[in-house]
Amino acid sequence: MALRERMATGTGFALGGALFFLLGAAASAQDASNYPNRPVMMIVPFAPGGASDFVARIIQHGVSDILGQQIVVDNRPGAAGMIGTESAARSAPDGYTTFLGNIGTISINPGVYASNMRIKPDKDLAPVTICADTPSILITRLDFPVNTVSELIAYVKANQGKVTFATPGSSTLNRLEMEIFKKDAGLDMVHVPYKGGAGPAVQDIVGGHVDLMFTTLSSAMGFVKENKVKALAVTTRERMTDLPDIPTMYELGWKNLVTSSWQGVLVPTGTPRPVVDKLHAAIAKVLADPEIQARMRKGGAIAVSSKSPEDFKTYIDGETAKWGKVIEESGVRAE
């Protein structure tokens, strides 16, 4: 082929590639302008009754109204949230599958299940916005013979290896909170991990089948208010306005137990940016509604949103690094 022919052919390829890119961008913009034109699924990787399900169902109707299409909450529990996470990550990147992830599925699982995960949340899922910040609460079954954290420590030390604590799974913030507490207080307890999120674990505390646990406040608030469990402390720095009589772990001297979970919406990587922006705007608007904020607070969560998807990505990266270090130092592994 002559040099002129090769140059012409190369130019043709370049122009063709540029045209393809422009057409693709135009198509994405057009798709976004028509988005959504059918119901949008929101995968929640835990069973009903937990913090993630609570948040998803609070924002569900408002986002549906703004987008003009129904948001369908789809609970897919199992494997510490990895079943739902993988399903979301492998879905078509078209905006019709969204994912309500949390600190466990996005920032803790990669450290605990490093060799078992078939997807990588930081690569296969794209952040949209954080939705809620949820502190934890230390609860016991109603007939457990302690009423304070100091009494709990004394009781466990007198019964080392006999007291049971529940968690929503090995790779959860609540598990790591208890590991920190056990280590610092010198306690030996039996771990009872649950599948499907906090809901089933809290139910067994209520039923008296397990002794105690750290759990997200939104998962336990109703039971605390109804006096179906004992609440010993919360993990906020200052006392909660809705639970003024319950001390904080911080004021009791546990400075490293100012902790909180979070929930946020993500989509499969490759979802067109105009679609991501449309979802971000709709969710942020719902979270700014005073009525939604009040409902969140009543349920033990704080409504928050990210300024942009990039801000949420930066936040996730920081959380993953922070809890990865705790996992490494505590030696927590999948059970």
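Residues numbered from 1 in each chain as written. Predicted model: local features only at pLDDT ≥ 70, side-chain atom pairs only at ≥ 80, totals over all residues. Heavy atoms only, no water.

Engineer: Looking at this structure, I do not really get the pairing of strand S1 (residues 40-44). What am I missing?
Structural biologist: Residues in a regular strand project their side chains so that they alternate between the two faces of the sheet. Of all five residues in S1, four are buried; the element is thus mostly enclosed. Note that S1 and strand S2 (residues 71-75) share five bridges and pair parallel. Paired with Val40 across the two strands is Ile71, which belongs to S2. Between S1 and its parallel partner S2, the chain crosses via helix H2 (residues 51-67), and the hand of that crossover is right-handed. Pairing analysis gives three bridges linking S1 to strand S3 (residues 97-102), with the strands arranged parallel. Each bridged residue has a counterpart across the sheet, and for Met41 the counterpart in S3 is Thr97. (Buried < 20%, exposed > 50% of the residue type's maximum accessible area, 1.4 Å probe, protein only. Helix = DSSP H or I, 4+ residues; strand = E, 2+ residues; numbered from the N terminus. Pairing = 2+ DSSP bridges. Right-handed = clockwise from strand over helix to strand, strands pointing away.)

Engineer: Just checking my understanding: could you explain the packing of aromatic side chains for this structure?
Structural biologist: Applying the stated criterion across every chain, the model contains six aromatic pairs. Ring geometry for Phe181 against Phe214: centres 6.2 Å apart, planes inclined by 90°, an arrangement best described as edge-to-face. Of the two residues, Phe181 is situated in helix H7 (residues 173-185) and Phe214 in strand S7 (residues 212-216); the sequence distance between them amounts to 33 residues. Across the pair, Phe214 and Phe181 agree in class, each one buried. For the ring pair Trp262 and Tyr315, a centre distance of 5.9 Å and an interplane angle of 70° mean the geometry is edge-to-face. Of the two residues, Trp262 sits in strand S9 (residues 260-268) while Tyr315 sits in helix H12 (residues 309-330), which places them 53 residues apart along the sequence. Owing to a relative accessible area of 0%, Trp262 belongs among the buried residues under this scheme. Of the aromatic side chains, those joined through ring pairs into one cluster are Phe181, Phe214 and Trp254. Across from the ring centre of Tyr96, 3.7 Å away, lies the NZ or CZ of Arg38, which sits over that ring. (Phe/Tyr/Trp six-rings, centres within 6.5 Å; stacked < 30°, edge-to-face > 60°. Lys NZ or Arg CZ within 6 Å of the ring centre and 35° of its normal.)

Engineer: When you look at unusual backbone geometry in this model, what are you seeing that I'm missing?
Structural biologist: Note on backbone geometry: most residues besides glycine have negative phi, and most peptide bonds are trans. Looking along the chain, the bond that leaves Tyr35 and enters Pro36 is cis, with omega of -10°. Positionally, Pro36 belongs in the loop between helix H1 (3-34) and S1. A positive phi angle, near 55°, is found at Ala80, a position not held by glycine. If you trace the backbone, Ala80 turns up in the loop between S2 and helix H3 (82-89). Classification of Ala80 as buried rests on a relative accessible area of 15%. Although it is not a glycine, Asn227 sits at a positive phi angle of roughly 60°. Examined against the element boundaries, Asn227 turns out to sit in the loop between helix H9 (217-225) and strand S8 (229-234).

Engineer: What am I meant to see in the confidence of the model for the protein chain here?
Structural biologist: The predicted coordinates should not be examined in detail at positions where pLDDT is low. This prediction gives the protein chain a mean pLDDT of 89; 90% of its residues lie at or above 70. In this model, residues 1-28 is a region of pLDDT below 50 whose contacts with residues beyond four sequence positions or in other chains number three contacts. (pLDDT = per-residue confidence, 0-100. Contact = heavy atoms within 4.5 Å.)

Engineer: Explanation requested: the pattern of salt bridges in the structure shown.
Structural biologist: Side-chain pairs of opposite charge can arise where the charged atoms are in close proximity. Per the counting criterion, the structure on display carries 14 salt bridges. The salt bridge involving Arg273 is made with Asp277; its shortest N-O contact spans 2.6 Å. Of this pair, Arg273 and Asp277 are both found in helix H10 (residues 273-287), four residues apart, which corresponds to roughly one turn of the helix. Residue Arg273 is classed as partly exposed on the basis of its relative accessible area of 39%. A single salt-bridge network, built from bridges that share partners, covers Glu86, Arg90 and Arg118. (Salt bridge = Lys/Arg side-chain N within 4 Å of Asp/Glu carboxyl O.)

Engineer: Looking at this model, I keep getting lost on the environment of Gly264. Mind explaining?
Structural biologist: Mapping Gly264 onto the fold places it in strand S9. The spatial distance from the C-alpha of Gly264 to the C-alpha of Phe312 is 8.6 Å, given a sequence separation of 48 residues. Here Gly264 is in contact with Phe99, Leu100, Gly101, Thr129, Ile130, Cys131 and Phe312, once residues within four sequence places are set aside.

Engineer: What is the right way to look at the nonpolar core in this model?
Structural biologist: Soluble globular proteins tend to bury their nonpolar side chains together. Grouped together as the largest cluster of nonpolar side chains are 46 residues, with contacts concentrated most on Val149, Leu152, Phe181 and Leu212. For this core, the element with the most residues is H7, which contributes six residues. Apart from the residues lying within four places of it in its own chain, the contact partners of Leu212 are Leu138, Ile139, Thr140, Phe144, Leu152, Val163, Thr164, Phe165, Ala166, Met178, Met189 and Ile205. (Core = buried A, V, L, I, M, F, W, Y, C linked by side-chain atoms within 4.5 Å.)

Engineer: How should the pairing of strand S6 (residues 190-193) be read in this particular structure?
Structural biologist: Pairing of strand S5 (residues 164-167) with S6, which is carried by four bridges, proceeds in the parallel orientation. Residue Thr164 lies in a different strand from S6, and its bridge partner there is Val190. For the segment spanning S5, H7 and S6, crossover handedness is right-handed.

Engineer: Would you take a moment to explain the side chain of Ser107 for this structure?
Structural biologist: Summarising the element assignment, Ser107 is placed in helix H4 (residues 103-112). Side chain to side chain, Ser107 and Thr320 meet in a polar contact 2.9 Å long. Beyond its immediate sequence surroundings of up to four residues, Ser107 is in contact with Asn102, Trp262, Ile316, Glu319 and Thr320. (Polar contact = N/O pair within 3.5 Å; in protein donor to acceptor, adjacent residues only side chain to side chain.)

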